[in-house]
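The residues making up each chain are set out below.
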Amino acid sequence: MRSRVWGPAAAVVLGGLLASGCGGEHRNTGGESAGSSVRGGYPVSVTDCTGARTTFSAAPRRIVTSNASSLELLLRLGAGDRVIGTGFPPGKGTLPGALDARAQRVKVLGRTVIPKEKLLGSGADLYIDTFAAMGGMGGSGTGDAPTAEEFEAAGIRHIYLKSTACAARSRTPVTDLSAVEADITSLGAVTGTSARARELVAGMKQKVDAVRKAVGGVPESKRPSYFFFDYDAGTEQPTVTCNRQLANAVITLAGARNAFADCDGDHRQVGWEDVIARNPDWIQLGVRDRGSEAANKEAFDEAERWLRSNPATKGLKAVKEGHLLRIGSEATTIAGVENADTVEAIAKALHPGEVG
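Described below are features of the structure shown in this document. Keep in mind that this is a model prediction, so the values were computed, not measured.

## Section: the overall build of the chain
- Within the chain, the secondary structure is distributed over 13 helices and 15 strands.
- Taking all 356 residues of the chain together, the buried fraction comes to 54%.
- Across the chain, contacts joining residues at least 24 apart in sequence account for 69% of those joining residues at least 6 apart.
- Just so you have it, the chain exposes about 15200 Å², and 50% of that area is on carbon and sulfur atoms.

If you want it as structure tokens, here you go:
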């Protein structure tokens, strides 16, 4: 295993994820300003998808995020004041409550993937990558992502949200949110906001455990089949979520059966004949947040119209019965606290008698 150590101290890696050194932990109850003065709890080490380790001897001060998902997590942890730039910025109104105004103040380095030169010249000391399987920044496939050597030369540590960035490398199906919870715990340790991370994880566990208890008695054979329709990925050839993708865990925890749970990997393009053959009981209209309630409604309406008018899909059971859920893509497929909310929302729709 290669190792990148930043600062004089080394740390032991626990469970392949992280370990924090001895010392007093900075306690943050969720206030944005609490992240600006961090002490104790170091050194901390995190590993990437291959097991390579990066060690922090102090909290990062200038963070760039690859997209709105990692930005939102840092805001929730109270470390948002240290974010100096982001790619894939959240549209106005896409993040909940007070997080939105804070997110809008973050400098946009790229409307999609941050250009290599801009990222390396950003002055960041940490880049958090939500999407990339090793070697491809943001899943762009351009081949122009910074190398490990270039990141190091620029003084930028490069870490991943492993629950999504490493999904394709998983050897077993993803059926719970433990990887997301580990990401939140990891970011909390790196940024010195572990107390807040524990609160966020506890809240997720409480919500998911309540759903699990409510639907636990529903036998597998009685659980409805469920298709995540990634409308924004294109309609000519559907892109399905396979059993290594986070959405598989969200669907499973909600008491449903992913229609493509037999597909090993994170995503795969199939033909509409494959969807028709599985004839799902429920379909989620997976559209990305457009930035306002009105724009989101129009996007959902558009996706539903397409399913109802297309000869290949209008005869599907879920379409004919109106079993079409309007739940956004991000909270289903990308790591975040709202994954637990999506589990609850799906369960309430599919099991109204069990989940209140």
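## Considerations on the state of the cysteines
- If you walk through the whole model with that rule in mind, you get 2 disulfides.
- With its sulfur 1.9 Å from that of its partner, C49 forms a disulfide with C166. Given an S-S torsion of about -75 degrees, the disulfide between C49 and C166 has left-handed geometry. Pair noted here: C49 is in the loop between β3 (44-47) and β4 (53-56) and C166 is in the loop between α5 (162-165) and α6 (178-191), with a separation of 117 residues, a long-range link. Accessibility classification places C49 together with C166 in one group, the buried group.
- Two residues, C242 and C263, share a disulfide whose sulfurs are 1.9 Å apart. Between C242 and C263, the S-S dihedral sits near 55 degrees, and the bridge is therefore right-handed. With C242 in the loop between β11 (239-241) and α8 (246-253) and C263 in the loop between β12 (257-258) and β13 (267-269), this residue pair connects regions lying 21 residues apart in the sequence.
- Disulfide connectivity for the chain, with bonded cysteines indexed by sequence position, reads 1-2, 3-4.

## Some words on α6
- Taking 1.5 Å per residue, 14 residues should reach 20 Å; α6 reaches 20 Å between its end C-alpha atoms and fits that length.
- Taking burial as the measure, the 14 residues of α6 include 10 buried ones, the bulk of the element.
- When we look at burial in α6, the residues that qualify are V180, E181, D183, I184, S186, L187, G188, A189, V190 and T191.
- Downstream of α6 by one or two residues, G192 has phi in the positive range, about 75 degrees.

## Quick notes on empty space enclosed by the protein
- The tally for this structure, following the rule as stated, stands at 2 cavities of 30 Å³ or more.
- Reported here for the largest cavity is a volume of approximately 60 Å³.
- Lining the largest cavity are 10 residues, and of these V46, Y160, K162, D183 and S186 lie nearest its centre.
- At the level of secondary structure, the elements contributing two or more residues to the lining of the largest cavity comprise β3, β9 (157-160) and α6.
- It is α6 that contributes the most residues to the lining of the largest cavity, 3 residues altogether.
- Split into classes, the residues belonging to the lining of the largest cavity amount to 6 nonpolar, 2 polar and 2 charged.

## Here we look at helix α7 (residues 194-215)
- Spanning 22 residues, α7 covers 31 Å between terminal C-alpha atoms, matching the ideal 32 Å at 1.5 Å per step.
- Looking at the packing, one finds that the buried side of α7 touches α1 (68-77), α6, α8 and α13 (338-350).

## Digging into the sheet that holds strand β10 (residues 225-230)
- Pairing within the open sheet is parallel, and its 4 strands lie in the order β12-β10-β14-β15. Every other strand in the sheet has two partners, leaving β12 and β15 (324-325) as the edge strands with one partner each.
- Direction of pairing for β10 relative to β12: parallel, over a ladder of 2 bridges. Bridged to Y226 within β12 is N258.

## Details of the sheet that holds strand β5 (residues 63-65)
- The strand order across the open sheet formed by 5 strands is β7-β6-β5-β8-β9, and the pairing between neighbours is parallel. Sheet topology places β7 (108-110) and β9 at the edges, where each strand pairs with a single neighbour. Each strand of the sheet is rotated relative to its neighbour by a mean of 25 degrees, with strand direction disregarded.
- Sheet topology places β5 next to strand β8 (residues 126-129); 3 bridges connect them, and they run parallel. In the strand pairing of β8, I63 is matched with L126.

Each value, and the rule that gives it
Residues numbered from 1 in each chain as written. Predicted model: local features only at pLDDT ≥ 70, side-chain atom pairs only at ≥ 80, totals over all residues. Heavy atoms only, no water. Helix = DSSP H or I, 4+ residues; strand = E, 2+ residues; numbered from the N terminus. Buried < 20%, exposed > 50% of the residue type's maximum accessible area, 1.4 Å probe, protein only. Contact = heavy atoms within 4.5 Å. Areas by Shrake-Rupley, 256 points an atom, 1.4 Å probe, with all protein chains shown as cover. Disulfide = S-S within 2.5 Å. Expected span 1.5 Å × (residues − 1). 1 Å grid on protein atoms, 1.4 Å probe; cavity = no way out; pocket = protein on both sides within 12 Å on 5 of 7 lines; lining within 4 Å. Points joined across faces, edges and corners; volume = space filled by probe spheres on them. Nonpolar A, V, L, I, M, F, W, Y, C, P; charged D, E, K, R; others polar. Pairing = 2+ DSSP bridges. Axes fitted to C-alpha atoms, helices over the stretch in contact; angles between N-to-C directions.

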